[in-house]
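Structure at a glance
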Amino acid sequence: MKQNTLLYCSLFLVLSSCGKKTFEPFYTTKPQLEHIPSYDNAEVNQVPDTKELVLNVDLKKEYPVKSEDYYNNPGAQKNKNGKAPSVIIAVPQTNEQKDVTTDNINTNDFNTDGYYNQAERAIEQALLRQGFNVLDRSKFEAKLRDLRDRANERPWWFSDWSEKLLENGEYDVVKQEYKKQLTDGKITPQQYTEVISEIDKVSQRGLPGKNREKDNQEMTDIAEVIRAAQNGADQADYLFQINLTFEPKSKSLNISDYESAEEFVSHHAGLSYGSIPNQLPESVSLKWMKVLFNAKLIDINSGSIVWLGTYEIESSAADGLQLSFDIKKSVKNEKDIEGMFNSYNTKLYSLNYDLTKLESDLDTYYNLALKKTKLGNKRELENYSNNLKRNIATAETSYTAKLNEYKSLINNPPSVGSNDWEYVYKVSQPELTPDFQNGQELLKHRKELLRIVTQDLINTIKIIDAY
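Below is a summary of the structure that appears in this document.

What counts, and at which threshold
- Residues numbered from 1 in each chain as written.
- Predicted model: local features only at pLDDT ≥ 70, side-chain atom pairs only at ≥ 80, totals over all residues.
- Heavy atoms only, no water.
- Phe/Tyr/Trp six-rings, centres within 6.5 Å; stacked < 30°, edge-to-face > 60°.
- Helix = DSSP H or I, 4+ residues; strand = E, 2+ residues; numbered from the N terminus.
- Buried < 20%, exposed > 50% of the residue type's maximum accessible area, 1.4 Å probe, protein only.
- 1 Å grid on protein atoms, 1.4 Å probe; cavity = no way out; pocket = protein on both sides within 12 Å on 5 of 7 lines; lining within 4 Å.
- Points joined across faces, edges and corners; volume = space filled by probe spheres on them.
- Nonpolar A, V, L, I, M, F, W, Y, C, P; charged D, E, K, R; others polar.
- Salt bridge = Lys/Arg side-chain N within 4 Å of Asp/Glu carboxyl O.
- Expected span 1.5 Å × (residues − 1).
- Polar contact = N/O pair within 3.5 Å; in protein donor to acceptor, adjacent residues only side chain to side chain.
- Axes fitted to C-alpha atoms, helices over the stretch in contact; angles between N-to-C directions.
- Parallel < 35°, antiparallel > 145°, perpendicular 65-115°, else oblique.
- Left-handed = near helix turned anticlockwise from the far one by under 90°.

Here's the deal with the packing of aromatic side chains
One pass over the structure, following the stated rule, counts six aromatic pairs. Ring centres of Y27 and Y366 lie 5.7 Å apart, and the angle between their planes is 90°; on these two criteria the pair is classed as edge-to-face. Taken together, the positions of Y27 in the loop between β1 (21-23) and β2 (51-58) and Y366 in helix α9 (residues 334-370) put the pair 339 residues apart, joining distant regions of the chain. The class for Y366 is buried, based on a relative accessible area of 2%.

Here it is, written out as structure tokens:
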């Protein structure tokens, strides 16, 4: 019985010893993982500085004189001796001798009274450039004034019947009557000569007692000017009759119609047309001037209109008319750009952390896979081996994927180009140059408009050779 017990124990020990299993290593040497590259945090490029910009819109516009604006019939004619045709300027009575200075310019109502002396000077210059001999009006004014002053004294021969005839312009009828009186012996030859001389003077100056009222100026009645220019030492070939009007107005300008504004907007992303202060205004209302110049050139001897013209321009015809905007340009999306860089840096950090953890886990797995390990039985061996293989495979797959993503991020850091920045704008109220609220600048602007409107139209007058 004792022997049987010993036999059974020996058999149990043998069987137990035969049931233990040993894990054999997967590798002879530890696998080497691809190195995890180091990285630097990406930093935002220099944020563009806030800029102070100026948009200058040149309001200059051409106003060409059109062929239908004037007519030569046939124009002025040189004298037979080749000398330049002489001309005298006549202005409308209501505008005679109104001058303008900075003292009487009311910039609040944009007053246009008082520009005819300026206009006359501009017209004189234009006529001289065109080839005319311009006669000073002062001589003709003095001539008319003298004739009228002397006309107030009624001569001995003046009577009711002669006044009526002379008033109707029947000078020859009156002369014939006094010639008959000379023949009949009622008056002497000396008296007859005096009468004829006086009748000739009346034909120039008007009837005795019919002179202008005291406050009226000379040279505004065209018929009288023509009579004065036809007779005596001071004679003119032509009369230049003018009418010039300034019309103040409010002008609405569409900013987008100007090339300089369109070009400026195209070079500044985010700026468009809207309302101040964030955008350029679509339109601007400005104080403005329109100038209308009508004129005719009259042949003194024949009374024929040999040239006439009309021409209209506006303030934008003058050089230097400019609309200016002060514009502050600053970055709008700085926080968005910074957020993009922060997100990139956070992702890099997270991947680097994960890879370092996986690297540590795989090192542990590889060490286990290199070491023989005794296990209780076959099932334990299989489980141990399968779990170790699965953990290594999973970790290696994750490591490879994350490493590829990590390297891709390192090789493709975020960058910001000029087109990635977005801007916000602050636009000032527009300023007009010249400043029409300044009397001196307004006067200068008027003079420039006068120079343009008179010179451009007068340049169309032909001066032909005598025939």
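Digging into the layout of surface pockets
Of the volumes computed, that of the largest pocket is approximately 240 Å³. What lines the largest pocket is a set of 14 residues, and nearest its centre among them are Q77, K78, N79, Y238 and D299. For the lining of the largest pocket, the class distribution of residues is five nonpolar, five polar and four charged. Each pocket or cavity is described by its volume, and for the second largest pocket that value is around 160 Å³. Lining the second largest pocket, in full, are A318, D319, G320, P434, E441, K444, H445 and E448. Its residues assigned to classes, the lining of the second largest pocket comprises two nonpolar, two polar and four charged.

Here we look at unusual backbone geometry
Cis rather than trans, the peptide bond between I276 and P277 has omega equal to 15°. Relative to the helices and strands, P277 is located in the loop between β8 (273-274) and β9 (280-281). Cis rather than trans, the peptide bond between T433 and P434 has omega equal to 0°. Structurally, P434 can be placed in the loop between β15 (431-433) and α11 (439-458).

Here's the deal with the pattern of salt bridges
One pass over the full model with this rule turns up 13 salt bridges. With a shortest N-O distance of 2.8 Å, K407 and E34 are connected by a salt bridge. Of the two residues, K407 is situated in helix α10 (residues 378-411) and E34 in the loop between β1 and β2; the sequence distance between them amounts to 373 residues. A salt bridge links D361 to K357, with the shortest nitrogen-to-oxygen separation between them at 3.0 Å. One end of the pair is D361 and the other is K357, both in helix α9 and four residues apart, which spans about a single turn. Note on K357: relative accessible area 43%, which makes it partly exposed.

A word on α11
Here α11 is 20 residues long and its end C-alpha atoms lie 28 Å apart, about the 28 Å a rise of 1.5 Å per residue gives. Among all positions of α11, only G439, L442, L443, H445, R446, L449, L450, I452, V453, T454, L457 and I458 are buried. Taking the backbone nitrogen of Q440 as reference, a side-chain oxygen 2.9 Å away marks N438 as the first, capping residue of α11.

Regarding the packing of α9 against α10
Contact geometry for α9 and α10: axes closest at 9 Å, N-to-C directions at 150°. Between α9 and α10, the crossing angle belongs to the class labelled roughly antiparallel. Seen along the crossing, α9 lies across α10 with a hand that is left-handed. Looking at the contact of α9 with α10 residue by residue, the classes come out as 19 nonpolar, three polar and six charged.

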